[in-house]
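Residue-level listing of the chains:
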Amino acid sequence: MDARTRLAGAKSGDKKKPTVTDKLKLGNAAPNVEVFQAPKPGRDNDEPSTSGSGNASSPGLAAVLSRQLETTPVQIAWRRLLKELSSLPRAIAIMGLIAVLSGLGTFIPQNKPLEFYLTNYPDGAEKVLGFLTYDLILALQLDHIYTAGYFYAALGLLAASLTACTYTRQWPAVKVAQRWRFFQKPSSLLKQGRTEVLPNARIQDLGALLMQRGYQVFLKDGSLYGFKGLAGKLGPIGVHAALLLCLFGTAWSGFGTLKGTVMCPEGQDFQIASFLLPASPLASMPDSAANVVHVNRFTIDYRPDGSVAQFYSDLALTDPRDGRELLRKTISVNDPFRYNGVTMYQTDWSLSALTLRVLGNEAPLARAAEASQAAAAADRAAEAALSPASAAVPEAGASAERTAFNLPMASLEGRPGVAGRLWATFLPLGEPGQDGSAPRGISILARDPQSVVFYDASGQFVGVRRPGSGKAITVEGLQLVVEDVVGATGLEMKSDPGVPTVYAGFGLLMVTTLISYLSHSQVWALQQGSNLFVSGRTNRAKLSFDRELDELLNAVPELPTQPVAAAPAPPAPQQQQQE
Amino acid sequence: MLLNNVLNLDSFENSLRNATFLTLFFTTIFYWIYTAFYTPTTKQNKNMENLKTNAFLSVFSKLFLVQTINSKYLQSNILFLRSSMAISNLLLIILLLVRWDKSGHFPLSNLYESLMFLAWCCTFLYLIYSTSFTILVEKILGSIIAPCALLMNAFATFSLPKEMQDSAPLVPALQSNWLMMHVTVMIISYATLIIGSLLSILFLILNMIYADSHIINRLTTNNVSLTKFTWLFFGSNNTESAEKNAGLMVLLLKLDSLSYRIIGLGFPFLTIGILSGAVWANEAWGSYWSWDPKETWALLTWLVFAIYLHTRLTKGWEGKKPAVIASIGFLVVWFCYLGVNLIGEGLHSYGFFN
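Calculation rules
- Residues numbered from 1 in each chain as written.
- Chains lettered and ligands numbered in written order.
- Predicted model: local features only at pLDDT ≥ 70, side-chain atom pairs only at ≥ 80, totals over all residues.
- Heavy atoms only, no water.
- Helix = DSSP H or I, 4+ residues; strand = E, 2+ residues; numbered from the N terminus.
- Buried < 20%, exposed > 50% of the residue type's maximum accessible area, 1.4 Å probe, protein only.
- Contact = heavy atoms within 4.5 Å.
- Areas by Shrake-Rupley, 256 points an atom, 1.4 Å probe, with all protein chains shown as cover.
- Pairing = 2+ DSSP bridges.
- Axes fitted to C-alpha atoms, helices over the stretch in contact; angles between N-to-C directions.
- Phe/Tyr/Trp six-rings, centres within 6.5 Å; stacked < 30°, edge-to-face > 60°.
- Lys NZ or Arg CZ within 6 Å of the ring centre and 35° of its normal.
- UniProt positions renumbered as here; feature names shortened; annotations may be inferred.
- Polar contact = N/O pair within 3.5 Å; in protein donor to acceptor, adjacent residues only side chain to side chain.
- Buried area = accessible area lost by both parts, 1.4 Å probe.
- Salt bridge = Lys/Arg side-chain N within 4 Å of Asp/Glu carboxyl O.
- Domains from an automatic or database assignment.
- Disulfide = S-S within 2.5 Å.

**Looking at the overall build of chain A**
At step 1: Counting its secondary structure elements, chain A contains 15 helices and 21 strands.
At step 2: Considering chain A as a whole, with its 579 residues, one finds that 44% of them fall into the buried category.
At step 3: In chain A, the proportion of contacts linking residues at least 24 apart, taken out of those at least 6 apart, comes to 60%.
At step 4: Split by element, the accessible area of chain A, about 29400 Å² in all, is 58% carbon and sulfur.

Below, the structure is given as structure tokens:
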């Protein structure tokens, strides 16, 4: 235990915050107070005193060191580690490193397949920038910088640096700032900051003026201490804490997330759990993932100019054990489906099938229709009811002049000659050729559910129809009516346990960075005879504090000189303004 | 409230476009002329300083106080400049309101609108910070902000192709209340950081003229009495050059302080902007951080300015080094705002450069 704590009478390990009684007691003590509370000469107690070499010059670190009485090698190593981690230039270097690595990841496309890097960063004469080849990229993990080990290491180092800095510098500095320090000698005032002397002034006047300007003022025995904006001192600690919370939350997300995508056609359903993939073995499947989602309807709202206004999916969540509907909601982009930890977002869509009706009594289809009618009559003899037919079978009970088909559509996106999204289906009009070649038939294409385009057997464009309009189109001698285009909704599902923590960290960070803008200003004053010594300092808005102090000192009224006093005070040099 | 006749609105918007450009152009010219050729004396500076004692006066009444100003010279000079900037500010507000009325959604959905909003933020910043220091500092601030806003306005109006200037209805991903919060705060933060960095660049340029940078370094972060400091130069060596040097050093200190305060305000706004964007992304597609180029560069900007704020705490690094970092930050902010669109892919490529 060092001299300071011994003088104050505290026991070893006694770290309780000084109460008001304690402060007064200490204030009433004789010269020991000065030694206890005044900063060492030349040292800046309030700012985190940093230097390039990071030596143990801060009072916080000294306090930390003083608490460690033993000097085992572990303790020495720990102290050394803390000192290295809390060095500000090092922290700045770590931030710079993360910045550079992040920036690099925006110039080199990330997470692309191997062929991408082979073609775009070739070895040989056309090396990018003269040295950047694909094996350099892959060796340095530059194709996945944000998930590379060294990136995580840099983030971890930043977290350690934040923690060390808060522990060794910021927190002790706050404790120092919170102590009321009353100075008894003008020389101690000089060490605090800018010091002025006002002859013929009263300390109470200064105190009143300070209070008018929002300072908290404490007056004792001719010595004054005032401060305002203490939050500006606490803000940076809050910022560090919030950053640590964010980092911890993202780490938790990184390990505990389950996510997946599903493209489910209208009318179908899927179980959530079969599409959720864990990010790591530590992720646990939530209970609500056992439920089944049924897609009732998927619609796209279009504007008059043809652009998309919004995507809507009508979803129903049911419990598979008893079929009970748990939640039904129509979701859209920016309005997800949430249930018990699983969230489903509207992110994609596609066309899954086309419902086509053929009018007329054409040969190939009529044969099929007759055959099915015969089968239907036979079945009707056997059973009472006949369920409606599903895909690719003519509708039971249809007369010979009406047959409807449900044709599945396939995506042609990315094929040569295809720009953008395109789905297509094919209605065959004959048997496949003897040599196995494709049969002749009608090609039907669609880019979105609004319109369907028909091409005849030779690939010639025939016409466009709007689904549900009922208007027939004649292709290859057949009269076709597009009844409906069945869409599929693309949902992104996620279960992320780290989100509440991350949101808490975000909220805290937003508030604490704002609070850190405040300037923490302190003013000390000492009355000696008729002279008033004033000293002030601040940590942020230094020049405006300088001006504020000027105004303050100008506002302190000058008292009339006492005629009987031992030495008549010299006339006041400055102009005064009466408040 | 406003005209519902589309034709009237279009021509009104057109005239507003031209009006904003012209007012900003003339504001720039006025500020440059008055800063270069009319320098107020110390006494006039002091007169203006005394007006700032009452903290409860609102910004605009402080700006346009007429009665208490002694010098007619000052009265016409600086008030004229402030009015010019205020008129530009007002016209930009009206332009944005007209666009809001026309398109039905908040006027911040494409590059044109965000540039106009950025120009408005710059002029508004001027009105907020104009009375922080002396007239000379205010004129210098105006001489930087006015051309900045003018360039943004001119680029948006004359350089962007017509189809990028038209207000289009929002795509589904942008139909959210978060649009107002996230984009607004980001643009405000860009404006503050750009202006703060420009002041730092000016500080570096002036610093090169005056070689005694070690004094500046010590003074920029210590609690200094400016009046005492100027006395040191006035009292000891009463020559013309000493007075000039003292004036320049004081000016540099003020520029440094103003730059620090403006960036210190921009940093929390940048934080709020980035984080609200992250929350929006999580609500829209389930991922609060996907290393999108724009997101990454916003994080980079945040890191650069965090480094700036931290270098001001390091002893021995005051004055010049933070200013250099803020200057780098200037380039980073512009790349974050416009440059990432050149990279091509990402979630933020809403009809920018193709």
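**Notes on the sheet that holds strand 7 (residues 292-302) of chain A**
Residues and elements named next belong to chain A.
At step 1: In spatial order, the strands read 5-7-8-9; together these 4 strands make up an open sheet with antiparallel pairing. Looking at which strands have only one partner, the edges of the open sheet turn out to be strand 5 (269-271) and strand 9 (325-332). Within this sheet the neighbouring strands show an average axis-to-axis angle of 25°, counted without direction.
At step 2: With 10 bridges connecting them, strand 7 and strand 8 (residues 308-318) associate as antiparallel partners. Following the sheet pairing, Arg297 is matched in strand 8 by Asp314.

**A look at the packing of aromatic side chains**
At step 1: Summed over all chains, the structure comprises 32 aromatic pairs over all chains.
At step 2: Relative to Phe311 of chain A, the ring of Phe298 of chain A has its centre 6.5 Å away and its plane inclined at 10°; by these criteria the two rings are stacked. With Phe298 of chain A in strand 7 and Phe311 of chain A in strand 8, this residue pair connects regions lying 13 residues apart in the sequence. Phe311 of chain A shares its class with Phe298 of chain A; the two are buried.
At step 3: In textbook terms, an aromatic cluster arises when at least three aromatic residues are bridged by ring pairs, as seen for Phe21, Phe25, Phe26, Phe30, Tyr34, Phe80 and Phe158 of chain B.
At step 4: Taking NZ or CZ as reference, Lys112 of chain A lies 5.6 Å from the ring centre of Phe116 of chain A, over its face.

**Focus on the UniProt feature "transmembrane region" (unreviewed entry) in chain B**
At step 1: Mapped onto the present numbering, the UniProt feature "transmembrane region" (unreviewed entry) falls at residues 20-38, 79-98, 110-128, 140-160, 180-206, 258-281, 296-311 and 323-344 of chain B.
At step 2: Structurally, residues 140-160 of chain B is divided into 95% helix and 0% strand, and its ends, taken at the C-alpha atoms, are 29 Å apart.

**Considering the side chain of Ser288 of chain A**
Residues and elements named next belong to chain A.
At step 1: Within the secondary structure, Ser288 sits in the loop between strand 6 (277-278) and strand 7.
At step 2: Looking at Ser288, the relative accessible area reads 8%, which means it is buried.
At step 3: Among the polar contacts listed, one links the side chain of Ser288 to the backbone oxygen of Asn340, at a separation of 2.9 Å.
At step 4: If near-sequence neighbours (up to four positions away) are discounted, Ser288 is found in contact with Ile272, Tyr339, Asn340 and Val342.

**A look at the interface of chain A and chain B**
At step 1: Counting from both sides, the interface comprises 59 residues of chain A and, opposite them, 64 residues of chain B.
At step 2: Roughly 5400 Å² of surface becomes buried between chain A and chain B when both sides are summed, with 62% attributable to carbon and sulfur atoms.
At step 3: Considering only the surface of chain A that becomes buried against chain B, Asn334, Tyr517 and Leu543 of chain A emerge as the three largest contributors, covering 14% of it.
At step 4: Note that Glu283 of chain B and Arg338 of chain A form a salt bridge whose closest N and O atoms lie 2.6 Å from each other.

**Comments concerning the pairing of strand 17 (residues 461-465) of chain A**
Sheet faces and side chains relate simply in a regular strand, where the side chains alternate between the two faces.
Residues and elements named next belong to chain A.
At step 1: Pairing between strand 16 (residues 451-455) and strand 17: 4 bridges, direction antiparallel. Bridge pairing in strand 17 links Val453 to Val464.
At step 2: Between strand 16 and strand 17, which pair antiparallel in sequence order, lie 5 residues; one of them, Gly459, sits at a positive phi of approximately 85°.

**With respect to the domain arrangement of chain A**
At step 1: When cut into domains, chain A gives domain 1 (73-177), domain 2 (183-229 + 519-555) and domain 3 (253-350 + 492-505).
At step 2: Using C-alpha coordinates to define each centre, domain 2 of chain A is positioned 62 Å away from domain 3 of chain A.

**Here's the deal with the state of the cysteines**
Residues and elements named next belong to chain B.
At step 1: Using the criterion set out here, one finds 0 disulfides over all chains in the structure.
At step 2: Counting only cysteine sulfurs, Cys148 is the nearest neighbor of Cys122, a cysteine outside any disulfide, at a range of 4.9 Å.
At step 3: What makes Cys122 buried here is its relative accessible area of 0%.

**Brief notes about the domain arrangement of chain B**
All names here are of chain B.
At step 1: When its domains are assigned, chain B resolves into domain 1 (1-153) and domain 2 (171-353).
At step 2: Facing the 25 residues of domain 1 at the interface are 28 residues of domain 2.
At step 3: Taken together, the two surfaces of domain 1 and domain 2 that pack against each other cover about 2400 Å², and 87% of this comes from carbon and sulfur.
At step 4: Applying the counting criterion to the domain 1 and domain 2 interface returns 0 salt bridges.
At step 5: Taken together, the links from domain 1 to domain 2 amount to 2 residue pairs in polar contact (both at pLDDT 80 or more).

**Thoughts on the sheet that holds strand 15 (residues 441-448) of chain A**
At step 1: Across the sheet, which stays open at both edges, the 5 strands sit in the order 13-14-15-16-17 (chain A) with antiparallel pairing between neighbours. Among the strands making up the open sheet, the edge pair consists of strand 13 (410-411) and strand 17 of chain A.

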